[in-house]
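What follows is each chain in one-letter form.
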Amino acid sequence: MSWPDVFILLGTLAASAAALWLLQHFVPHRLRESHNDVAGFIFAAVGVMYAVLLAFVVIAVWQNLDSARQTTFKEADALAGVYWISRELPLPIGAQLEHNALEYAHTVQDTEWPLMSRHQSSPQATKLVYAMRSEVFGFTPADSRQQVLYEHAVAHVEQLASERRQRLTEVGDSVPSIMWVALIAGALLTVGFTYLFGLSNTLAHGLMVLTLTALVVVSLLLIKEMDFPFTGVTHVEPTAFEVFLNRLPPPR
């Protein structure tokens, strides 16, 4: 949890405590005790519906995050396939394809990854994909061995381009605005219903209200942090490309 999230949580708890103090001051618990049974029944229904909504959104954003992480490994695997095949192709195309594959990995890791946190991409990385595709498609196999290498190179470079498009698409994956409206409205209703209860023990009532408020706010902050796969505390790291670059053989 980042410092802004901590301030949001503390500020919300302070506002809830202040609202509860004002309620206790202007509407004593004796006036609210008669409604405890009805309020409890409605609160149970609201709480269950909101819990289902929260669980649905948390699972959805977690799946988006996991899907984005898997996409990066598929992209790195395809890039590794292009790289290893390039080392078997004749010069000069093999050396040029190898150079572009390595430059693409460094560009994605060092330049494009920070850009994705701002929902942008690297034009240089896009040019490198186009260059690798042109080099592979421009190669004419001279024998059956090179024909097999050519077919595998085409498959890997097409997969690389496809996974890159998928990754850039997932950069903008987020919870729809209408869903955020439902989440916030549900949070206000769920916490608001706890103020309708009348308890003679003000401390116990306050602890219950603040505990529920903290749980709801933490859940919303968790969704916010996982909202964009490449942004926030839980963002996807360029681990796949780091693994690829760290396990390269000596240059030929």
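Residues numbered from 1 in each chain as written. Predicted model: local features only at pLDDT ≥ 70, side-chain atom pairs only at ≥ 80, totals over all residues. Heavy atoms only, no water.

Considering the environment of Pro 114
Mapped onto the fold, Pro 114 is located in helix 4 (residues 93-116). The class for Pro 114 is partly exposed, based on a relative accessible area of 38%. Residues Pro 114 and Phe 230, spaced 116 residues apart in sequence, show a C-alpha to C-alpha distance of 8.9 Å. (Helix = DSSP H or I, 4+ residues; strand = E, 2+ residues; numbered from the N terminus. Buried < 20%, exposed > 50% of the residue type's maximum accessible area, 1.4 Å probe, protein only.)

Considerations on unusual backbone geometry
The residue after Leu 91, namely Pro 92, is reached through a cis peptide bond having omega 5°. On the secondary structure map, Pro 92 appears in the loop between helix 3 (36-86) and helix 4. We note that His 119 has phi near 60°; this positive angle belongs to a residue other than glycine. The topology assignment puts His 119 in the loop between helix 4 and helix 5 (123-137). A relative accessible area of 42% places His 119 in the partly exposed class.

Points about the packing of aromatic side chains
Going through the model one piece at a time under the given rule, you end up with seven aromatic pairs. With a centroid separation of 6.2 Å and 35° between ring planes, the pair formed by Trp 3 and Phe 7 is classed as tilted. Highlighted residues: Trp 3 and Phe 7, both in helix 1 (residues 3-26), separated by four residues, approximately one helical turn. Classification of Trp 3 as exposed rests on a relative accessible area of 62%. Take Phe 7: its relative accessible area is 56%, and that puts it in the exposed class. Centre to centre, the rings of Tyr 83 and Trp 84 are 5.4 Å apart; their planes meet at 75°, and the pair counts as edge-to-face. For Tyr 83, a relative accessible area of 1% puts it in the buried group. Residue class for Trp 84 comes out partly exposed when judged on its relative accessible area of 44%. Aromatic ring contacts, followed pair by pair, group Tyr 83, Trp 84 and Phe 244 into a single cluster. (Phe/Tyr/Trp six-rings, centres within 6.5 Å; stacked < 30°, edge-to-face > 60°.)

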